[in-house]
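Architecture and fold: a report
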Number of protein chains: 2
Amino acid sequence: MAEGDLEGKLLGSADLLNIVNGDHENRAKPVTSSLPMNGGNGIYSYSKNSYYQKQSAGVEREKIIEEIKEKLDMKTLSSVSNTIRLADLGCATGQNTFMTIQTILEAMQRKYKSQISQSCPHDYDDQMPEFQVFFNDLESNDFNTLFTSLPQDRQYLAAGVPGSFHGRLFPESSIHFVHTSFSLHWLSKLPEELQNKASPAWNKGRIHYTSAPNEVIEAYACQFAEDMERFLNARAKELVPQGMMVMIMTGIPKGMPYSQIPTGMLYDSISSSLMDMAEEGIIEEGEVDSFNLAFYAASPEEMAGIVEKNGCFGIERMELTNPAAWMKGPVDIPTLVTHVRAAMEGMFSRHFGSQVMDELFGRLTHKLLDISDLINSTCQEKVQLFAVLKRK
Amino acid sequence: MAEGDLEGKLLGSADLLNIVNGDHENRAKPVTSSLPMNGGNGIYSYSKNSYYQKQSAGVEREKIIEEIKEKLDMKTLSSVSNTIRLADLGCATGQNTFMTIQTILEAMQRKYKSQISQSCPHDYDDQMPEFQVFFNDLESNDFNTLFTSLPQDRQYLAAGVPGSFHGRLFPESSIHFVHTSFSLHWLSKLPEELQNKASPAWNKGRIHYTSAPNEVIEAYACQFAEDMERFLNARAKELVPQGMMVMIMTGIPKGMPYSQIPTGMLYDSISSSLMDMAEEGIIEEGEVDSFNLAFYAASPEEMAGIVEKNGCFGIERMELTNPAAWMKGPVDIPTLVTHVRAAMEGMFSRHFGSQVMDELFGRLTHKLLDISDLINSTCQEKVQLFAVLKRK
């Protein structure tokens, strides 16, 4: 299916995108190790079902260009070293990361030229700094595909950096710009109490904190805050003073229950599909209890609190956007489920077995069709968090 | 077969090692693209037949430690930036590169401590620079295996850099130490005249310049000099002043014909095995004419000339060693052929077809057994070139 065809078919809009985007980066987080997106080119493959992701990434592109133009001091950054170093954290296997890096690089070059031309016009080409780009993802990422897909005409030196961005990846004060999208909402691990029957945070019969008791939500929120603190500490060491960091991830308006946005409805529908299957003896109920998605959506206020507590970064911008603004008309549920399946099947089939996947996604489609009006009524929510920080 | 078993069986010694080592890095050079070592764990697999390589790499280890101790000024290098950057060019997929890097890193740390303790004793732990290591090989290298094999307890930040070392890989003046072993003897491409029937350098009936007319040897030498010039120019940009570069590759004493060393005897035996097969109609004679190994062994004098012509590096050390000094007794020909096959089969089977590989390596074994006395009489030649350069 060509992209154009798919675009024609989507005719819908949903923050369900966030799921698909989310998993884009979740192939191999510790909690869900070795969970690739569906490979190959089959009908459920990620490569044929990742159009949402691409469109969604474009929504924030103009904002990044604007931030660099207005707030990044290229002259100062390049005065210490003539090499400008960029990092994309959670880069996956290519194309999206290459497009983003190209956007950032061109914006930085334009800013550099505009700053230099003020002091010494017509002289900037000789002085243009060299750019080095670090593509980071977990060790289990397919770096071979990434490396063989690198643009031939790139204007930067490329390197791959394997490892968790919750720890150190780069030398001290060596990075000038960090970009990370659709990665930070994945937790480094699941809170242990979710599986503890004696705990009030035991997450029985659900796969996520959507529609769960406060204790479950709190357990997720604590883990997210802990992960973000480790992330910010590592980046604080690595970024040069005045270095910029752009973070794009799933978000949610402050105080809104997760069950009131389409992603939450999807999770609830998956939970209830699985529980139905357990009741019918197709799977074990305990399997549902022991499965949880390590995925958390923060509000801008919550994220700002974490950044301020850390203290190493100034907040240049922090806002929610609608990632689906480019979509028109109602959500096409079957196409959406195909997208969700391409991105998430690995995670479910590893736990529940591949033999029940058709059953699960078939039931899911029916459940979502039943609530399609509700989904459509909420699908213009702003559930993408866009944050720009600057190293103090 | 455990390494210990294999060691017990080798009981021989040969610069034939160089072939095996050579191919270790040749999985994917442009001229021989997609030519992996034999994978898996079968009887002809590289993993079960690469003991020679490991032993051979160890021969130069002590020399590297010595050079760092005596000639690398860690205090000056770390005074500009607190990050020391190392690069291993042609790193392949692991273990050997990790061992080498560990050796270099520990030697650098010791040197740093000894220099600092003279000025401010007991204070060096706080100041120890951070180390960043760049593992480089061609885009087609298996970086996934490299990254998942990285030592868990490494004391450095790791990055992979895909691309040809005949061009730029790193930012200007950013690297403090370069190591490259068993890679530089592979040419970036084959001289075109080798396949031109009208040229005096047409290499009819041979797979290498061994036993070839001077014009063929000259064509190889020119390509090598051109490749080295590009390599040195790129490294000259990347290395900081006083940065060190260790190059280990196949070499040969000045003026010695290649046919007088075991590797040359092997090449001649492969050529004549193939020509016999062509005469018997098993393969086409034209296939032999059109196949050439892009492999060149320089003498120390030749290499020194290239380095001096380039002008950016001082020569700290340039010498030949016997890579097989650790071996005892005569060469075990069948075991050696198994090693050669594990390393080179891909190259031959792609050109001649996998169906003739048993035939080829069977004939090769017989031919080498016939000249085993000759091989043994020459197998203590010094055919490993060890060079240490310093950026001026």
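Chain A carries the name S-adenosyl-L-methionine-dependent methyltransferases superfamily protein in an unreviewed UniProt entry, which gives Prunus dulcis as its organism.

1. A short note on the overall build of chain A
In terms of regular secondary structure, chain A is built from 15 helices and 7 strands. The buried share among the 392 residues of chain A stands at 60%. Intrachain contacts of chain A at a sequence separation of at least 6 include 83% that bridge at least 24 residues. For chain A, the accessible area works out to roughly 14700 Å², and carbon and sulfur atoms hold 49% of it.

2. A look at the relation of the copies chain B and chain A
Laying chain B over chain A is done by rotating through 180° and shifting 0.0 Å along the axis; what remains is an RMSD of 0.0 Å. What we have between these two chains is a two-fold relation. Proximity to the rotation axis, assessed at the C-alpha, singles out Gly160 of chain B in chain B; its C-alpha lies 2.4 Å from the axis. Both copies present the same face, since 100% of the interface residues in chain B are matched by interface residues at the equivalent positions in chain A.

3. Considering the nonpolar core
Core analysis: the largest hydrophobic core is formed by 160 residues, its most contacted members being Met247 and Phe348 of chain A together with Met247 and Phe348 of chain B. Membership of the second largest hydrophobic core comes to 68 residues, among which are Cys91, Met108 and Ile116 of chain A together with Phe98 of chain B.

4. Notes on the interface of chain B and chain A
Taken together, the contacts link 26 residues of chain B with 26 residues of chain A. Interface area, chain B with chain A, both sides summed: about 2000 Å², of which 53% is carbon and sulfur. Taken together, the connections running from chain B to chain A amount to 2 salt bridges. With its nearest N and O atoms 2.7 Å apart, the salt bridge here joins Arg168 of chain A to Glu130 of chain B. Linking chain B with chain A are 10 residue pairs in polar contact (both at pLDDT 80 or more). Listed by contribution, the elements that provide at least two residues to the side of chain B that touches chain A are strand E1 (83-89), strand E2 (130-137), helix H8 (143-148) and strand E3 (157-162) of chain B. In terms of residue count, the dominant contributor to the side of chain B that touches chain A is E3 of chain B (6 residues). Of the residues assigned to the side of chain B that touches chain A, the class counts are 12 nonpolar, 7 polar and 7 charged.

5. Points about the pattern of salt bridges
Inspection of the entire model under this criterion finds 34 salt bridges over all chains. Between Glu280 of chain A and Arg363 of chain A there is a salt bridge; the shortest N-O distance is 2.7 Å. Separated by 83 residues along the polypeptide, Glu280 of chain A in the loop between helix H10 (262-279) and helix H11 (285-289) and Arg363 of chain A in helix H14 (residues 357-370) bring together distant segments of the chain. We note a salt bridge from Arg341 of chain B to Glu345 of chain B, for which the minimum N-O separation is 3.0 Å.

6. Details of the environment of Tyr296 of chain B
Residue and element names in this part refer to chain B. Here Tyr296 shows up in the loop between helix H11 (285-289) and helix H12 (300-310). Distance from Tyr296 to Gly251, taken between C-alpha atoms, is 8.2 Å for residues 45 residues apart in sequence. Residues within four places of Tyr296 in sequence aside, it is in contact with His185, Leu187, Tyr209, Ile217, Tyr220, Ala221, Phe224 and Glu302. A polar side-chain atom of Tyr296 sits 2.6 Å from a polar atom in the side chain of Glu302.

7. Topic: the packing of aromatic side chains
Residues and elements named next belong to chain A. Applying the stated criterion across every chain, the model contains 36 aromatic pairs over all chains. Feature note: the residues Trp186, Tyr209, Tyr220, Phe224, Tyr258, Tyr267, Phe295 and Tyr296 constitute an aromatic cluster, connected by ring pairs. Above the plane of the ring of Phe231 lies Arg235, whose end atom (NZ or CZ) is 4.9 Å from the centre.

The rules behind each value
Residues numbered from 1 in each chain as written. Chains lettered and ligands numbered in written order. Predicted model: local features only at pLDDT ≥ 70, side-chain atom pairs only at ≥ 80, totals over all residues. Heavy atoms only, no water. Helix = DSSP H or I, 4+ residues; strand = E, 2+ residues; numbered from the N terminus. Buried < 20%, exposed > 50% of the residue type's maximum accessible area, 1.4 Å probe, protein only. Contact = heavy atoms within 4.5 Å. Areas by Shrake-Rupley, 256 points an atom, 1.4 Å probe, with all protein chains shown as cover. Least-squares fit on C-alpha atoms with pLDDT ≥ 70 in both. Core = buried A, V, L, I, M, F, W, Y, C linked by side-chain atoms within 4.5 Å. Buried area = accessible area lost by both parts, 1.4 Å probe. Salt bridge = Lys/Arg side-chain N within 4 Å of Asp/Glu carboxyl O. Polar contact = N/O pair within 3.5 Å; in protein donor to acceptor, adjacent residues only side chain to side chain. Nonpolar A, V, L, I, M, F, W, Y, C, P; charged D, E, K, R; others polar. Phe/Tyr/Trp six-rings, centres within 6.5 Å; stacked < 30°, edge-to-face > 60°. Lys NZ or Arg CZ within 6 Å of the ring centre and 35° of its normal.

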